[in-house]
Amino acid sequence: QVQLVESGGGMVQAGGSLRLSCASSGRAFSTYTRGWFRQAPGKEREFVAAINWSGDSTLYSDSVKGRFTISRNNAENTVYLLMNNLKPEDTAVYFCAATSFRLGLTSAATRYNYWGQGTQVTVSS
């Protein structure tokens, strides 16, 4: 049973914006730390952003800091990733993730135990 589902991916020109959404099926996800990761073909999965359960603390990779914004709406069990000023190097499959472990914000993929199927983001030059 799929519990995390990403949507909102697509193709945009460099400098454009895109907003990704991640819907969760279980209400318990509203208490979990959430994250976004991305993976390009032939490359390792890399951390993008994370947000704590209450939404008052966030963490970003250096490559997206100042351009991307992660947010969440626990009443809707949805996490968002607003991507501004997109660059060709942002092209990847973007994955929504969650961890039921009682952790602080973390960029380590191994600490997340729930994953979505991914949504493709393609940025043209």
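Refer to the structure printed above.
Every value quoted in this text rests on a predicted model; they were computed, and no experiment measured them.

Draft legend 1. Structural view of the pattern of salt bridges. Enumeration according to the criterion identifies four salt bridges in this entry. Residues E46 and R38 are paired through a salt bridge, measuring 2.7 Å at the closest nitrogen-oxygen approach. Residue E46 is classed as partly exposed on the basis of its relative accessible area, which comes to 33%. The salt bridge involving D90 is made with R38; its shortest N-O contact spans 2.8 Å.

Draft legend 2. Highlighting the state of the cysteines. In the structure shown here, the tally under the stated rule is one disulfide. A disulfide bridge connects C22 with C96, and the sulfur atoms are separated by 2.1 Å. In this structure the cystine formed by C22 and C96 twists about its S-S bond by roughly -85°; its chirality is therefore left-handed. A residue pair is termed long-range when its members are at least 10 positions apart, and C22 in strand β3 (residues 18–24) and C96 in strand β9 (residues 92–99) qualify at 74 residues.

Conventions used here
Residues numbered from 1 in each chain as written. Predicted model: local features only at pLDDT ≥ 70, side-chain atom pairs only at ≥ 80, totals over all residues. Heavy atoms only, no water. Salt bridge = Lys/Arg side-chain N within 4 Å of Asp/Glu carboxyl O. Buried < 20%, exposed > 50% of the residue type's maximum accessible area, 1.4 Å probe, protein only. Disulfide = S-S within 2.5 Å. Helix = DSSP H or I, 4+ residues; strand = E, 2+ residues; numbered from the N terminus.

Interpretation note: all reported values are geometric properties and have no functional meaning in isolation.
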